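# Descriptive structure summary
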Amino acid sequence: MIELIPAIDIIDGQCVRLTKGDYDQKTVYRDSPAEVAKEFEQKGFKRLHVVDLDGAKSKHIVNDEVLRRITTETNLTVDFGGGIKTNEDIEKAFCAGAAMVTVGSIAVTQPELFMGWLEKYGADRMILGADVRNGKISINGWKEDSAEDLLPFLRKYIDAGVKTVLCTEISKDGTLQGPAIELYKEVMTAYPTLHLIASGGVSSIDDIKTLDRAGIPAVVFGKAIYEGKINLNELWDWQNE
């Protein structure tokens, strides 16, 4: 059964969602991400994906105190990404209570640093972020496209020991137009043992069921919850059938 991971994106300490990664297309949903996290826990979720969008834009962690509040006020297993560029940043994330970190841009721009983190912290604490636009890996808060093609990029790090990849199709993110099923199928066909976390475009329980039938191990979704597109009682009923 597919793993369900709600997402909280943070700008200015608030819970927000962007559309296609565009900071000018921002919707603020709640003032307190920690309160949202507590509600997710109360509704039965065990995992949480937290993104520091200020950090991604600024190229260093900004909202570590928000992360600390979430991890001290809930028992959720939190993975944290956004702005992790230095040894200081990754230590700050772990000290603030992150169980795992999601790192993407550094894996493109400073592969030796990423490899060092993978060796130091272990594959169970490192999630490779693969944000895709037009088949290329995008970096720095989705503001820049690299020359890296998705599948060779993944192969390099899977061979180095990466077990978990969070893959976001940027053109789908925040659109509620359905996930990039074919992209995720392609990744799983190439790397069938990978713990792939699909991200972007989830609009309904049917989208999650489709990902599950396709053999995708995990899914991140946020806007569909905030917009009332997913009924969590129905979601849990389906997962517990």
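It should be emphasised that the depicted structure is a prediction, and the values quoted were computed from it without experimental measurement.

## Notes on the overall build of the protein chain
- The helix and strand inventory of the protein chain stands at eleven helices and twelve strands.
- Judged by the C-alpha coordinates and their principal axes, the protein chain covers about 45 × 40 × 35 Å.
- Per-residue burial over the protein chain gives 59% buried out of 241 residues.
- In the protein chain, the share of contacts with a sequence separation of at least 24, taken over all contacts with a separation of at least 6, comes to 65%.
- About 10,100 Å² of surface is accessible on the protein chain, with carbon and sulfur atoms providing 44% of the total.

## Looking at the nonpolar core
- Core analysis: the largest hydrophobic core is formed by 75 residues, its most contacted members being Leu154, Ile208, Phe221 and Leu235.
- Leaving out residues up to four positions away in the same chain, Leu154 has contacts with Leu128, Ala130, Val165, Val187 and Tyr191.
- One finds Ile5, Leu166, Ile197 and Ala218 within the second-largest nonpolar core, a separate group that totals eight residues.

## Description of helix α4 (residues 87–95)
- Of the residues making up α4, those classed as buried are Asp89, Ile90, Ala93 and Phe94. Take α4 and look down its axis: the buried residues cluster within an arc of 130°, on one side only. Of the residues in α4, the exposed ones pointing more than 90 degrees away from the buried face are Glu88 and Cys95.
- Looking at the buried residues of α4, the elements they touch are α3 (64–73), β5 (77–81), β6 (100–103), α6 (111–121) and β7 (126–133).
- Taken from the residues just after α4, Gly97 is the one with a positive phi, measuring 105°.

## A closer look at the side chain of Asp207
- Positionally, Asp207 belongs in helix α9 (residues 205–213).
- Here Asp207 is buried and forms no salt bridge, its nearest opposite-charge partner Arg213 lying at an N-O distance of 8.3 Å.

## Brief notes about the pattern of salt bridges
- Taken as a whole and assessed by the stated rule, the structure comprises 16 salt bridges.
- One salt bridge connects Asp145 with Arg133, and the closest N-O pair in it is separated by 2.9 Å. Of this pair, Asp145 sits in strand β9 (residues 144–149) while Arg133 sits in strand β7; the two residues are twelve residues apart in sequence, bridging distant segments of the chain.
- Residues joined in a network through salt bridges with shared partners are Glu35, Lys38, Arg69 and Glu73.

## Regarding the packing of helix α1 (residues 33–42) against α3
- Where α1 contacts α3, the two axes come as close as 9 Å, and the packing angle between them is 30°. As summarised for this structure, α1 and α3 are arranged roughly parallel, according to the angle between their axes. The interaxial crossing formed by α1 with α3 has right-handed handedness. Residues Pro33, Ala34, Glu35, Ala37, Lys38 and Glu41 of α1 lie in contact with α3, whose contacting residues are Val66, Arg69, Ile70 and Glu73.
- Taken together, the residues of the contact of α1 with α3 break down into five nonpolar, no polar and five charged.

## Points about the packing of α4 against α6
- Remark: α4 packs on α6, axes separated minimally by 11 Å, with the N-to-C direction vectors making an angle of 35°. Our pair here, α4 against α6, has a crossing hand that is right-handed. Taken together, the residues of α6 that come into contact with α4 (itself represented by Asn87, Ile90, Glu91 and Phe94) are Leu113, Trp117, Lys120 and Tyr121.

## Quick word on a positive patch on the surface
- Taken together, Lys26, Lys57, Lys59 and Lys143 make up a surface patch of like positive charges.
- Within the element layout of this structure, Lys26 appears in strand β3 (residues 22–30).

## Focus on the packing of aromatic side chains
- Following the criterion strictly, the structure yields eight aromatic pairs and no others.
- Pairing Phe153 with Tyr157 gives two aromatic rings, centres 5.5 Å apart and planes at 75°, and the pair type is edge-to-face. Remark: Tyr157 and Phe153 occur in helix α7 (residues 150–159); sequence separation between them is four residues, near one turn of the helix. We note that Phe153, like Tyr157, is buried.
- Feature note: the residues Tyr29, Phe40, Phe45, Phe221, Tyr226 and Trp236 constitute an aromatic cluster, connected by ring pairs.

What counts and how
Residues numbered from 1 in each chain as written. Predicted model: local features only at pLDDT ≥ 70, side-chain atom pairs only at ≥ 80, totals over all residues. Heavy atoms only, no water. Helix = DSSP H or I, 4+ residues; strand = E, 2+ residues; numbered from the N terminus. Buried < 20%, exposed > 50% of the residue type's maximum accessible area, 1.4 Å probe, protein only. Contact = heavy atoms within 4.5 Å. Areas by Shrake-Rupley, 256 points an atom, 1.4 Å probe, with all protein chains shown as cover. Core = buried A, V, L, I, M, F, W, Y, C linked by side-chain atoms within 4.5 Å. Arc of directions from axis to C-beta. Lys, Arg positive; Asp, Glu negative; His and termini not counted. Salt bridge = Lys/Arg side-chain N within 4 Å of Asp/Glu carboxyl O. Axes fitted to C-alpha atoms, helices over the stretch in contact; angles between N-to-C directions. Parallel < 35°, antiparallel > 145°, perpendicular 65-115°, else oblique. Left-handed = near helix turned anticlockwise from the far one by under 90°. Nonpolar A, V, L, I, M, F, W, Y, C, P; charged D, E, K, R; others polar. Patch = residues over 30% accessible without salt bridge, like charges linked within 9 Å, V, L, I, M, F, W, Y side chains within 5 Å. Charge placed at Lys NZ, Arg CZ, Asp CG, Glu CD. Phe/Tyr/Trp six-rings, centres within 6.5 Å; stacked < 30°, edge-to-face > 60°.

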